[in-house]
Amino acid sequence: MAILLSARDVTKRFGGLTAVNKLNVNIEENSIHSIIGPNGAGKTTFFNCVTGFYRHDEGTVLFKGEPLDGMQPDRITREGIARTYQNIRLFQNMTVIENVMVGFQSHLTSGWIGAVFHTRKQREEEKLAVEEARKMLGFVGLAGRGDWMSKNLPYGDQRRLEIGRALATSPDLLLLDEPAAGMNPAETADLMEFIKRLRAELGITILLIEHHMQVVMGISDLVTVMDFGEKIAEGTPREVQNDPHVIEAYLGRGATENGPA
Amino acid sequence: MLKNLRRRVSGTTIAMWVIGAILLIVVIVGTVRTLLIGKYTGADWTDLIVYGISQGSIYALIALGYTMVYGILRMINFAHGDIFMAGAFIGYFVASYFDQTGFLEQNLVLSLIFVTLVAAFTAAAMAVVLERIAYRPLRRAPRLVPLITAIGASFFIEYAFLGLFGSGIKGYPEPEALKGRVSIFGVEILKTQLIVIVAAVVMLIALWYFVQRTKMGKAIQAVSEDKDAAALMGINVDRSIMITFLVGGALAGAAGVLYALLFRQVYFFMGFFPGLKAFTAAVLGGIGNIAGAMVGGLFLGIAESLFPNLVLDGLGIPAPYQLKDALAFFLLVLVLIFRPTGILGERLATKKA
Amino acid sequence: MKSASKFSWMTPVTTGLIGGVVALFLSLVGIVEASLGRYVITGILSMGQVFLLAVYAIFAVQAAQKATPEHGEKAPVYRTLACAAIAGLMISIVLALLVVVGEQIDLRGVFIHATPVLYDLLTFGLGVPQGIFVLLGFGLLMGILFGVLVLLPKALRKSIGVGLIAVPVLSVTYSALFAGRGLQLPVAIAVFVISAVAIFLWDRFEKPIRTRSQALPSGQQRTMRLGVWVLAGLFVLALPLLGSYPSEVLVITGIFVLMGLGLNIVVGYAGLLDLGYVAFFAIGAYVMAIFTSPEITWFPIHTSFWVALPFAVLTAMLAGAILGIPVLNMRGDYLAIVTLGFGEIIRLVALSDWLKPLIGGSNGITQIPKPTTFGLAFDNPQKLYYIVVIGCVIAAFIATRLKYSRLGRNWMAIREDEDVAQAMGIDLVRNKLLAFATGAALSGLAGAIFASKLTSIYPHSFNLLVSINVLAVIIVGGLGSIPGVIIGAVALVGLPELLREFAEYRLLVYGAVLVFMMLRRPEGLLPEARRKLELHEMSPDVAE
């Protein structure tokens, strides 16, 4: 299969701290790829480097074969990478459907003139945007909630909305930062089904940071394990689970049984 | 710096560097021409520099309040200049009372110290009350909310003083002993300027000691670093913030008295420009950085008194001193655009990193 | 406080003391004295006294409500009354102290408003020993009265409250507009009764009316809404009939509405706190002056208001874009200070001798002609008003259209979370620049109208206070809310223009209003509404 995203020797330092150290990761098209590792291992920093929010100090990130280095985040999003956040970051004082429409905005072209004079093109675009946003709400299971203020949504729905908003940018690669955080077992099971659906129905490649091992082991094709900014293991969930480095990173030296669960 | 350049070479960046280069050329041309014309003598320049130092040490005292509050709350306390004004007012009332009773002439040193203490105390109390009423409830609010509150508080204080004490400019009493000049290392210097500089230096050293050596000072530093972590370590965050306002307010109040000594006038709007300039000084030195505020204050004071004559005169601009304030703001804008970290500071002006 | 907090008799005492300090402040700052000549009820009650009464009312009611502690049992009647009475008494004690001290020592050397007139007012003209006792008794009485008010059933309480507020508001508005001397006592009583009854009836019948009108077919609803709009439009158009002076006030209010609508786009929509907004107002005004005033000889073009207008707007817009580029990467609070700096730089440069040959320095530019159309001169406030109204309608139209567009959503996303907005593919610099330039253009338009209204402009007119004024207008109305701008401008610009004696206290009130709104009601009086898009496509109904 073709490689969609390729990180080569990506390094990010904060002062004296090296948060990500010469990281090499290849994400295959249409796969579900997880990154796991203890807190502070550099997972989210790596996300931030890929999405352009941080500039990595060394190395390069290739997306569809083209380098993303130095691009502004908005440009990278338009290239086809979308993300969610560890601590949900919705546009709180906007309605649910407006959040999705903001995600959809890069597919629209009308500007100041169109908005003020309600040109035919602008009206058609707006209609399209509303329709697409409604469809998206249906897809993520928020139909009927569209006119709520997004801050008033229950927690689980906020997660869904955040994913829906990211999907509205029509990404080829979706970066999910701990989507199962704070979810109960039933919600987690739903989420796993949902992520599988994303790949099956929309053909999206998914890169996932997750602490919840049930999710990681249940849906990933490939798992990359990070510790102290470095990649310490990579493989299928089963391979990773039995890797001594991984067990050591999670449980400390001397632990032999019980993989990271 | 070089890394930044490589990363974001966009149209705006280039435009900004072009603007910077043009400005630099203008400054150099102006300076060279002024010096070639030779309109001013060496003594003129020394006068301007001494004036700048005394003015600058007052800015430094006010700037400390901005920088400490910014360090601890990440908030621009826009009303800080008015705390300074309040100090000057209280100082004025006490000083003119002493003047009437004759105490001021009889016992100059004691009365000056007393005036300064009363002013510092009142200003500190005002700053603490302001924090308690207007800022504390907003600690977790979005960043612009406390700023707007502070702007509101600033105008409230100014116009409350206008209403309470009248709009006229009040002349500060001027004791005989303070008139005239003294000579230090061969430099003729106004006595009031000398007092201002000495008093400012004493206060700056005292503050330095407080922040670096005392337990409370260290607690304040810890809270600036990370409020939640400091709270977990058993530091009383509310109290540390209160002390910060207290110390900042006291310094501003004392600065108010010194300012009034220098310019001998007090009025309700007097805090506005010095406040903004002190903020400029804090930014120049790197906001959140105490040593930076001192350096920035001095730099701004000297730049402001020197630049109009040094640069603008050479460019043939009439009455350049009129543009003194504009120049200070221009400096602020330039620093924030080109070097938001200030001379000594950490990078705070852009949100990221 | 999780558990039921206990009641303490210190609570009403503290509440009363705070009230006393507020009353003392109002007295010493001069507001009470300044408004003594402004009668609410002719010859009986002045606005200054109403201010003090309001302090009694607010704090007595608060004390009475606090008689029932949070989560506690409902207070017995005697306690509610006693609390209110104590608060009233405390206020009187503080004021009495002022009088007693003031009679002994002349405070005027420090507090310029601590005058015999004030003491006379506080002691009901009875002098020190007797007047003090009357003042204290009065405090008790007011406390008990407002305590009784709290105990009344809710509907009744609301009617009386509204009636009490309606009398001074209507009276002052009437007096200011028609140079009256307050309402006669019988009229005042009539106003009180009518407004109290009206609000009582409205509360009873509002719901049934609303449900009935909602049950109407949508066509009829639309007709009704259209009817309301037409009525509102006619009302706005008829306002100059009030006369020349009220029209003058309306023109000034309208100019601030125009600026408010513009700043609302920058601050309310996009969340960029621009404190140098007056700069674009100044640029619009100066461009208008340079294009039209015969005083300006160096400029080759001399033309009319209408030709100069687009140039003024475009120049301001361009200036917005140029000033915007370097500052828009900055974080919010730094942006505020830098824009403030820009605004001051422009004013100081305009004031200096340097540009005096071009724009007149501190002498400003005079002889700016009034607008004329087909020989019809807009030479009085009544006529100018219509130009301002047209400007406001256009601005409101643009602001509304932009708000409910892709651009508007992008701005709000930036306001809510800049980083996430960028991660959604929004080009921050471009979108912010558009907000900045649109706001600047509207400000320039306001400036151009302002210049030709005054026919002369001076740098002093363009100081920071104008920016603060506009900011207060949009914050009071509600950031992002278009009707809010109008309410804000009427309350903060129109009203003080009418009440000339308060000119000195305008900024005091603005400052207090900014602090109060941020602490208590950051969303403003008329909060921004969101449209329902999912279920009622593009209907102007309000979400939530």
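Residues numbered from 1 in each chain as written. Chains lettered and ligands numbered in written order. Predicted model: local features only at pLDDT ≥ 70, side-chain atom pairs only at ≥ 80, totals over all residues. Heavy atoms only, no water.

## Some details on the overall build of chain A
Along the backbone of chain A there are ten helices and ten strands. Dimensions of chain A along its principal axes, counting C-alpha atoms only, are 70 × 40 × 35 Å. Each of the 261 residues in chain A was classed as buried or not, and the buried ones make up 54%. Taking contacts inside chain A between residues at least 6 apart in sequence as the whole, the part at least 24 apart equals 66%. As displayed, chain A offers around 10,900 Å² of accessible surface, 49% of which is attributable to carbon and sulfur atoms. When the 28 positive and 34 negative side-chain charges of chain A are each reduced to one mean point, those points stand 5 Å apart. (Helix = DSSP H or I, 4+ residues; strand = E, 2+ residues; numbered from the N terminus. Buried < 20%, exposed > 50% of the residue type's maximum accessible area, 1.4 Å probe, protein only. Contact = heavy atoms within 4.5 Å. Areas by Shrake-Rupley, 256 points an atom, 1.4 Å probe, with all protein chains shown as cover. Lys, Arg positive; Asp, Glu negative; His and termini not counted. Charge placed at Lys NZ, Arg CZ, Asp CG, Glu CD.)

## Observations concerning the interface of chain C and chain A
The interface is formed by 36 residues belonging to chain C together with 44 residues belonging to chain A. Summed over both partners, the interface of chain C with chain A buries about 3,700 Å², with 56% contributed by carbon and sulfur atoms. Applying the counting rule to chain C against chain A returns three salt bridges. Among the ionic pairs, Asp-417 of chain C bridges to Arg-89 of chain A, the shortest N-O distance being 2.9 Å. Counting across the chain C and chain A interface gives 17 residue pairs in polar contact (both at pLDDT 80 or more). (Buried area = accessible area lost by both parts, 1.4 Å probe. Salt bridge = Lys/Arg side-chain N within 4 Å of Asp/Glu carboxyl O. Polar contact = N/O pair within 3.5 Å; in protein donor to acceptor, adjacent residues only side chain to side chain.)

## What to know about the environment of Ile-322 of chain C
All names here are of chain C. As for its placement among the helices and strands, Ile-322 is situated in helix H12 (residues 305-327). For Ile-322, a relative accessible area of 53% gives the class exposed. With 115 residues separating them in the primary sequence, Ile-322 and Ala-437 have C-alpha atoms 8.9 Å apart.

## Observations concerning the sheet that holds strand E1 (residues 3-14) of chain A
Residues and elements named next belong to chain A. Taken in spatial order, the four strands make up an open sheet running E2-E1-E4-E5, and their pairing is antiparallel. Each having just a single partner strand, strand E2 (17-28) and strand E5 (66-67) make up the two edges of the open sheet. Pairing between E1 and E2: eight bridges, direction antiparallel. Within E2, the residue paired with Val-10 across the bridge is Leu-23. On top of the sheet, helix H1 (residues 43-50) reaches E1 and E2; it is set at about 115° to E1, its chief contact. (Pairing = 2+ DSSP bridges. Axes fitted to C-alpha atoms, helices over the stretch in contact; angles between N-to-C directions.)

## Concerning unusual backbone geometry
Backbone geometry places His-118 of chain A, a non-glycine residue, at a positive phi of 45°. Topologically, His-118 of chain A is positioned in the loop between helix H4 (112-117) and helix H5 (120-139). A positive phi angle is found at Arg-264 of chain B, which is not glycine, with a value near 55°.

## Points about the interface of chain B and chain C
Taken together, the contacts link 55 residues of chain B with 50 residues of chain C. Both faces considered, chain B and chain C share a buried interface measuring about 4,700 Å² in area, 78% of it formed by carbon and sulfur atoms. Viewed at the interface, chain C and chain B are joined by three residue pairs in polar contact (both at pLDDT 80 or more). For the side of chain B that touches chain C, the secondary structure elements donating two or more residues are helix H2 (11-37), helix H6 (108-135), helix H7 (144-165), helix H12 (272-285) and helix H14 (324-338) of chain B. When residues in the side of chain B that touches chain C are grouped by element, the largest group, 16 residues, is from H7 of chain B. Classifying every residue of the side of chain B that touches chain C gives 42 nonpolar, seven polar and six charged. (Nonpolar A, V, L, I, M, F, W, Y, C, P; charged D, E, K, R; others polar.)

## Side note on the confidence of the model for chain A
Taken as a whole, chain A shows an average pLDDT of 88; of its residues, 95% reach a score of 70 or greater. Across residues 255-261 of chain A the pLDDT falls below 50, and counting only partners more than four positions away or on other chains, this stretch makes twelve contacts in the model. (pLDDT = per-residue confidence, 0-100.)

## Some words on helix H13 (residues 290-312) of chain B
Residues and elements named next belong to chain B. A rise of 1.5 Å per residue sets the reference length of H13, with its 23 residues, at 33 Å; its end C-alpha atoms lie 31 Å apart and thus fit the reference within 8%. By the largest-angle criterion, Leu-306 marks the main kink of H13, which is about 45°, and a proline, Pro-308, follows within four residues. N-cap assignment for H13: the residue whose side-chain oxygen lies 3.1 Å from the backbone N of Ala-291 is Asn-289. (Expected span 1.5 Å × (residues − 1). Bend = angle between axes of the 7 residues up to and from the residue.)

## Quick look at the side chain of Ser-92 of chain C
Residues and elements named next belong to chain C. When you line up the elements, Ser-92 lands in helix H4 (residues 77-104). Judged by relative accessible area, Ser-92 falls into the buried class, the value being 0%. Of the polar contacts made by the side chain of Ser-92, one reaches the backbone nitrogen of Gly-139; its length is 3.4 Å. Residue contacts for Ser-92: discarding those within four places in its chain leaves Tyr-56, Leu-135, Leu-136 and Gly-139.

## Here we look at the packing of aromatic side chains
Residue and element names in this part refer to chain B. Across all of its chains, the model carries 41 aromatic pairs over all chains by this definition. Relative to Phe-93, the ring of Phe-89 lies with its centre 6.2 Å away and its plane at 50°, an arrangement referred to as tilted. With Phe-89 and Phe-93 both in helix H4 (residues 80-101), this residue pair falls four residues apart, about one helical turn. Side by side, Phe-89 and Phe-93 carry an identical accessibility label, which is buried. Where Phe-273 meets Phe-329, the ring centres are 6.0 Å apart and the plane angle is 40°; that geometry is what we call tilted. A residue pair is termed long-range when its members are at least 10 positions apart, and Phe-273 in helix H12 and Phe-329 in helix H14 qualify at 56 residues. Under the relative-accessibility criterion, Phe-329 is labelled buried at 1%. Among the aromatic residues, those joined into a ring-pair cluster are Phe-78, Tyr-159, Phe-268, Phe-269, Phe-272, Phe-273 and Phe-329. (Phe/Tyr/Trp six-rings, centres within 6.5 Å; stacked < 30°, edge-to-face > 60°.)

## Notes on the packing of H14 of chain B against helix H13 (residues 332-351) of chain C
Remark: H14 of chain B packs on H13 of chain C, axes separated minimally by 9 Å, with the N-to-C direction vectors making an angle of 145°. With respect to the hand of their crossing, H14 of chain B and H13 of chain C are arranged in left-handed fashion. Contacts from Asp-325, Ala-326, Phe-329, Phe-330, Leu-332, Val-333 and Leu-336 of chain B of H14 of chain B reach H13 of chain C at Tyr-334, Ile-337, Val-338, Gly-341, Phe-342, Glu-344, Ile-345 and Leu-348 of chain C. Considering only residue class, the contact of H14 of chain B with H13 of chain C consists of twelve nonpolar, one polar and two charged. (Left-handed = near helix turned anticlockwise from the far one by under 90°.)

## Quick word on the pairing of strand E9 (residues 222-227) of chain A
Residues and elements named next belong to chain A. Counting buried positions over the six residues of E9 gives five, a clear majority of the element. Here four bridges tie strand E3 (residues 32-36) to E9, and the two strands are oriented parallel to one another. Looking across to E9, one finds that Ile-36 is bridged to Val-225. With five bridges joining them, E9 and strand E10 (residues 230-235) adopt antiparallel strand pairing.

## Things to note about the packing of helix H3 (residues 42-73) of chain B against H12 of chain B
Residue and element names in this part refer to chain B. The geometry of H3 relative to H12 is characterised by a closest axis approach of 8 Å and an angle of 70° between their N-to-C directions. By the angle class used here, H3 and H12 are roughly perpendicular. Of the residues in H12, those touching H3 at Tyr-59, Ile-62, Ala-63, Tyr-66 and Thr-67 are Pro-274, Gly-275, Leu-276, Lys-277, Ala-278, Phe-279, Ala-281 and Ala-282. The class makeup of the residues in the contact of H3 with H12 is ten nonpolar, two polar and one charged. (Parallel < 35°, antiparallel > 145°, perpendicular 65-115°, else oblique.)

## With respect to the pairing of strand E3 (residues 187-190) of chain B
Residues and elements named next belong to chain B. Pairing geometry for strand E2 (residues 181-184) and E3, over four bridges, is antiparallel. When the sheet's bridge partners are listed, Ile-184 is paired in E3 with Val-187. Two successive antiparallel strands, E2 and E3, enclose a turn made up of two residues, where Phe-185 displays a positive phi of approximately 50°.

## Overview of a nonpolar patch on the surface
Residues and elements named next belong to chain C. Nonpolar side chains collect at one region of the surface, where Ile-44, Leu-156, Leu-185, Ile-189, Val-193, Val-197, Phe-200, Leu-201, Phe-205 and Ile-209 lie side by side and expose about 850 Å² of accessible area between them. For the nonpolar patch, the element with the highest residue contribution is helix H8 (residues 185-215), accounting for eight residues. The residue Val-197 is located in helix H8 in this model. Its relative accessible area of 42% is what places Val-197 among the partly exposed residues. (Patch = residues over 30% accessible without salt bridge, like charges linked within 9 Å, V, L, I, M, F, W, Y side chains within 5 Å.)

## Focus on the pattern of salt bridges
Going through the model one piece at a time under the given rule, you end up with 36 salt bridges over all chains. Between Glu-418 of chain C and Lys-432 of chain C there is a salt bridge, with the nearest N and O atoms lying 3.3 Å from each other. Taken together, the positions of Glu-418 of chain C in helix H17 (residues 418-423) and Lys-432 of chain C in helix H18 (residues 428-454) put the pair 14 residues apart, joining distant regions of the chain. Overall, the relative accessible area of 22% leaves Glu-418 of chain C in the partly exposed class. Judged by its relative accessible area of 2%, Lys-432 of chain C is buried. A single network of salt bridges, built from pairs that share partners, joins Glu-131, Arg-136, Arg-139 and Asp-238 of chain B.

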